[in-house]
Amino acid sequence: MSYKIGVADSMFARVAMFRIVKKALEDSMESGIKLERYTVPGVKDLPVACKKLLDNGCDICIALGMPGDKPIDKTCAHEASQGLIQTQLITNKHIIEVFVHLDEGENEKDLLQIVKKRTYDHTMNAIALLKGKNSLSKLAGKGVRQGMESVGGIE
Amino acid sequence: MSYKIGVADSMFARVAMFRIVKKALEDSMESGIKLERYTVPGVKDLPVACKKLLDNGCDICIALGMPGDKPIDKTCAHEASQGLIQTQLITNKHIIEVFVHLDEGENEKDLLQIVKKRTYDHTMNAIALLKGKNSLSKLAGKGVRQGMESVGGIE
Amino acid sequence: MSYKIGVADSMFARVAMFRIVKKALEDSMESGIKLERYTVPGVKDLPVACKKLLDNGCDICIALGMPGDKPIDKTCAHEASQGLIQTQLITNKHIIEVFVHLDEGENEKDLLQIVKKRTYDHTMNAIALLKGKNSLSKLAGKGVRQGMESVGGIE
Amino acid sequence: MSYKIGVADSMFARVAMFRIVKKALEDSMESGIKLERYTVPGVKDLPVACKKLLDNGCDICIALGMPGDKPIDKTCAHEASQGLIQTQLITNKHIIEVFVHLDEGENEKDLLQIVKKRTYDHTMNAIALLKGKNSLSKLAGKGVRQGMESVGGIE
Amino acid sequence: MSYKIGVADSMFARVAMFRIVKKALEDSMESGIKLERYTVPGVKDLPVACKKLLDNGCDICIALGMPGDKPIDKTCAHEASQGLIQTQLITNKHIIEVFVHLDEGENEKDLLQIVKKRTYDHTMNAIALLKGKNSLSKLAGKGVRQGMESVGGIE
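Here's what I pulled together on the structure shown here.

Attention now moves to the pairing of strand β3 (residues 60-65) of chain E. Residues and elements named next belong to chain E. Counting buried positions along β3 yields 6 of 6 residues, so the element is predominantly enclosed. Residues Ile60, Ile62 and Leu64 line one face of β3 and the alternating positions Cys61, Ala63 and Gly65 line the opposite face, and both faces are buried. Note: strand β1 (residues 3-10) against β3, 4 bridges, orientation parallel. Note that in β3 the partner of isoleucine 5 across the bridge is isoleucine 60. Across 5 bridges, the pairing between β3 and strand β4 (residues 95-99) is parallel. Residue pairing across strands places leucine 64 opposite valine 98, the latter belonging to β4.

In this section: the relation of the copies chain A and chain E. Between chain A and chain E, which share one sequence, the superposing operator has a rotation angle of 72° and an axial displacement of 0.0 Å; the RMSD is 0.0 Å. One copy is carried onto the other by what is essentially a five-fold rotation axis. When you check the interface residues of chain A against chain E, a mere 8% turn up at the interface there too, and the two sides of the contact use different surfaces.

On a regular strand, each side chain points to the face opposite its neighbour's, so the side chains alternate between the two faces of the sheet. All names here are of chain D. With 6 of its 8 residues buried, strand β2 (residues 33-40) lies for the most part within the structure. Where strand β1 (residues 3-10) meets β2, 8 bridges bridge the pair, whose relative direction is parallel. Within β2, the position partnered with tyrosine 3 by the bridge is isoleucine 33. Handedness of the crossover is the feature at issue here: the chain leaves β1, passes through helix α1 (residues 17-28), returns alongside β2, and the resulting connection is right-handed.

The subject of this paragraph is unusual backbone geometry. The phi angle at asparagine 92 of chain D is positive, at roughly 60°, despite the residue not being glycine. Position of asparagine 92 of chain D relative to the elements: it lies in the loop between α3 (71-91) and β4 (95-99). Positive phi values are uncommon outside glycine, yet methionine 29 of chain E reaches one of about 60°. With respect to the element layout, methionine 29 of chain E can be found in the loop between α1 (17-28) and β2 (33-40). The exposed category is assigned to methionine 29 of chain E, whose relative accessible area is 70%.

This part covers the environment of isoleucine 90 of chain C. Relative to the helices and strands, isoleucine 90 of chain C is located in helix α3 (residues 71-91). Spatially, the C-alpha atoms of isoleucine 90 of chain C and serine 137 of chain C are 25 Å apart, while their sequence positions differ by 47 residues.

As a further point, take helix α2 (residues 46-55) of chain B. α2 of chain B sits mainly inside the fold: 8 of its 10 residues count as buried. Those residues of α2 of chain B that fall on the buried side of the exposure criterion are Leu46, Pro47, Val48, Ala49, Cys50, Lys51, Leu53 and Leu54 of chain B. The inward-facing, buried residues of α2 of chain B abut α3 (71-91) of chain A together with β1 (3-10), β2 (33-40), β3 (60-65), α3 (71-91) and β4 (95-99) of chain B. Positioned one or two residues after α2 of chain B, glycine 57 of chain B has a phi angle of 105°, which is positive.

To continue, consider the packing of aromatic side chains. The full count for this structure, using the stated rule, is 0 aromatic pairs over all chains. Sitting over the ring of phenylalanine 18 of chain A, arginine 37 of chain A keeps its end group 4.2 Å from the ring centre. The positively charged end of arginine 145 of chain B is found above the aromatic ring belonging to phenylalanine 12 of chain C, 3.3 Å away from the centroid.

Right, let's get into the interface of chain C and chain B. On the chain B side, the residues contacting the 37 residues of chain C number 34 residues. Regarding the contact of chain C and chain B, the summed buried area is about 2900 Å², with carbon and sulfur atoms giving 58% of it. For chain C, the biggest contributors to the area lost against chain B are Met11, Arg14 and Val48 of chain C; these three give 24% of the whole. For the interface between chain C and chain B, the tally reads 2 salt bridges. Ionic pairing is found between lysine 133 of chain B and glutamate 36 of chain C, a salt bridge with its closest N-O pair at 3.4 Å.

With that out of the way, let us pick up the pattern of salt bridges. The final tally for this structure, using the stated rule, is 60 salt bridges over all chains. The residue arginine 37 of chain B makes a salt bridge to aspartate 9 of chain B at a minimum N-O spacing of 2.7 Å. Taken together, the positions of arginine 37 of chain B in strand β2 and aspartate 9 of chain B in strand β1 put the pair 28 residues apart, joining distant regions of the chain. Judged by relative accessible area, aspartate 9 of chain B falls into the buried class, the value being 3%. The salt bridge partner of glutamate 79 of chain D is lysine 44 of chain D, with a shortest N-O separation of 3.2 Å. With a gap of 35 residues between them, glutamate 79 of chain D in helix α3 and lysine 44 of chain D in the loop between β2 and α2 (46-55) connect regions that are remote in the sequence. The exposure classification of glutamate 79 of chain D matches that of lysine 44 of chain D, with both residues buried. Where salt bridges share partners, they join Lys4 and Glu36 of chain A together with Lys133 of chain E into one cluster.

Residue and element names in this part refer to chain B. Take aspartate 121: it is sitting in helix α4 (residues 108-130). On a C-alpha basis, the gap between aspartate 121 and valine 98 in space is 9.6 Å, while along the polypeptide they are 23 residues apart. In this structure, aspartate 121 is in contact with Gln146 and Gly147, ignoring residues within four places of it in sequence.

Residues and elements named next belong to chain E. Taken in spatial order, the 4 strands make up an open sheet running β2-β1-β3-β4, and their pairing is parallel. Both edges of this open sheet fall to β2 and β4, since each of them pairs with a single strand only. For this sheet, the mean angle separating the axes of adjacent strands, direction not counted, is 20°. Sitting on the sheet, helix α3 (residues 71-91) is in contact with β3 and β4, with an inclination near 165° to β4.

This part is about the arrangement of the chains. Chain A shows no contact with chain C. Their nearest C-alpha atoms sit 13 Å apart. At their nearest point, the C-alpha atoms of chain A and chain D are still 13 Å apart, with no contact between the two.

What follows deals with the side chain of threonine 123 of chain A. Residues and elements named next belong to chain A. One can find threonine 123 in helix α4 (residues 108-130). Residue threonine 123 is classed as buried on the basis of its relative accessible area, which comes to 1%. At 2.7 Å, the side chain of threonine 123 and the backbone oxygen of threonine 119 are in polar contact. Each residue touching threonine 123, except ones within four places of it in the same chain, is listed here: Val21, Ala24, Leu25 and Ile62.

Chain A puts 38 residues into the contact, and the matching count from chain E is 34 residues. Of the roughly 2900 Å² buried between chain A and chain E on both sides combined, carbon and sulfur atoms contribute 58%. It is Met11, Arg14 and Val48 of chain A that lose the most area in chain A upon contact with chain E, and together they represent 24% of the buried surface on that side. Applying the counting rule to chain A against chain E returns 22 residue pairs in polar contact (both at pLDDT 80 or more). Those elements giving two or more residues to the side of chain A that touches chain E turn out to be β1 (3-10), β2 (33-40), α2 (46-55), α3 and α4 of chain A.

One can describe the packing of α3 of chain C onto α3 of chain D by two numbers: an axis separation of 10 Å at closest approach and a directional angle of 30°. Judged by the inter-axis angle, α3 of chain C sits roughly parallel to α3 of chain D. Here the hand of the crossing between α3 of chain C and α3 of chain D comes out right-handed. Residues His78, Ser81, Gln82, Ile85, Gln86 and Leu89 of chain C of α3 of chain C lie in contact with α3 of chain D, whose contacting residues are Thr75, His78, Glu79, Ala80, Gln82, Gly83, Gln86, Thr87 and Ile90 of chain D.

Quick notes on the rules
Residues numbered from 1 in each chain as written. Chains lettered and ligands numbered in written order. Predicted model: local features only at pLDDT ≥ 70, side-chain atom pairs only at ≥ 80, totals over all residues. Heavy atoms only, no water. Buried < 20%, exposed > 50% of the residue type's maximum accessible area, 1.4 Å probe, protein only. Helix = DSSP H or I, 4+ residues; strand = E, 2+ residues; numbered from the N terminus. Pairing = 2+ DSSP bridges. Least-squares fit on C-alpha atoms with pLDDT ≥ 70 in both. Contact = heavy atoms within 4.5 Å. Right-handed = clockwise from strand over helix to strand, strands pointing away. Phe/Tyr/Trp six-rings, centres within 6.5 Å; stacked < 30°, edge-to-face > 60°. Lys NZ or Arg CZ within 6 Å of the ring centre and 35° of its normal. Buried area = accessible area lost by both parts, 1.4 Å probe. Salt bridge = Lys/Arg side-chain N within 4 Å of Asp/Glu carboxyl O. Axes fitted to C-alpha atoms, helices over the stretch in contact; angles between N-to-C directions. Polar contact = N/O pair within 3.5 Å; in protein donor to acceptor, adjacent residues only side chain to side chain. Parallel < 35°, antiparallel > 145°, perpendicular 65-115°, else oblique. Left-handed = near helix turned anticlockwise from the far one by under 90°.

Shown next, in the form of structure tokens:
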């Protein structure tokens, strides 16, 4: 089967996140999946970019962003997230939000590692979701954290 | 009569909540009810998963999630809840939100008990709502708490 | 003329609020008004319940709830209120929100009084709104508080 | 030309704000403009009232409210404002929100002055907006404050 | 090709932001682009103004605002931003939000510089977005900040 993943990224982000998506897709060995990219200034511009990608035939979107560390940036990220959820409800398609806040890492190296891992892992999640609603079921309730050590399940 | 309950769960959660729904349904002895499951990465992916389940013929949904204990996790849960309410208004069907925050329990054992009880009780609520708008009326105003000791009514 | 008021109430509430609505309606001596009730688990389930009541022929709704006193409960009430406003905009009908927060009273007796007065007064407001957009105009700007002593107008 | 301005006001407010709108309209000497009034209990009831006024032929609305000074009142005002913006997007018409918070004035006299000036000035803004999208352009960027001393532009 | 950029500005702002947009457009040497202006009282009036501009044939909008420095102003800006995102999802077109908060600068001169640079840079972004979804891709992940020194990418 053939799929198209929309990828929306921003100038505000400090890491070339799109490249990580591309790397993950290559590693997945899924030959039938193409990427369509849309670059915007900041996270608040991501919802309509994803809307256009999904309207334009993408089966799922990945929204890449790195919100800043000031209170106003937290508010922006919140507004963007609300818009991304609304977009999903309008289009009936998933948008995997990959946001890494600039204060999540202790230093730039640490931050880069979080971005790499979260973007990579969530690209794999997007690919899994393309295959149906139970692709991720075997991992449900396992405390999976993208970009962090997973915390495990409690039984 | 025959009904279908959609159940959306997540990889982020630390407990296999879907199993508890299944157990509650079995205990209810309702033979005409089937479950349809949809697993997503985290709580913010639940609204569109429920939307798809409800569009796909489910009569009601149960949205299972365990938001983290950091401020960003509280914001995520808030966004997810807003999306779940919007989904209900679009589809005209109930979504019973079963969220247990990771800081609700004093330890893992305590947390597990809350998850078990809240998920179980809310599955029973979902089954009751399938039977009509007055199924739960005898319990109205009684201070019922799912996952906690009920606090009782004031007269 | 004949009207139908939808009344949505919850199991989470600690007072039998529906009974107060019924009492107020009886006291109003309005013989042409009927009540239709819908009981849900908690306040976040009220928006879709009201949506269904209004779609089902109710002319106005009263949404009864008693949010808890923890921060998460305040968030739930906020989400419910947002959903109730959205429901009104979709249906073009009023929903009178009667929320009494569990920390509004100094003790249970005090709380019960607030619930009784606010529910009673707002039922009267709902009845007035059924009669047209200027029924309440004589009281505009008078600092009217339902469930509390009114604070009066400033001239 | 002939226009209709919808005016939604509330019982919760402490000042007869509708009268100020009327006074401003008279002072404007605009003979072709009529007012249509809708009175509701509190600010959260204003969005659907404005929706009905605008659906009923009003060209623009003025939403009058005086939110209280407690945290819950701030939340109510926020929800009302969100609803008023949604209403504008649905109807494609302006709603000029005239909210004066009860803690804006240092005393009742001060508060009354703010209410009078803000309501009066915003009524003039509403009249101006009826005349087209550039009626207010000469005042853009001038730091205009309704109900307060304007702060002026920076060049 | 020929494009129309809608520009919504406000009386509340303290800088003549529209002039900066005009200057940036002239500097861009793009001869096929016209501006259409809409002036409103404050930031909360911007969403419907942009909605009308976009419905009226504008290909993209720039929303100019300068929210105040009090908590209520932060809330207003948040509501305006949510409305601007909703407007984009309804119209399927971008709205570049150019908000400068009155407390962003250390003094009026500093504030003016931020306003000038952010408005100018974002006008260039709007022009770029008119040319397609990959016009800004070469700058993705570079830590670009409009109105501030860019912080650079991390590799």
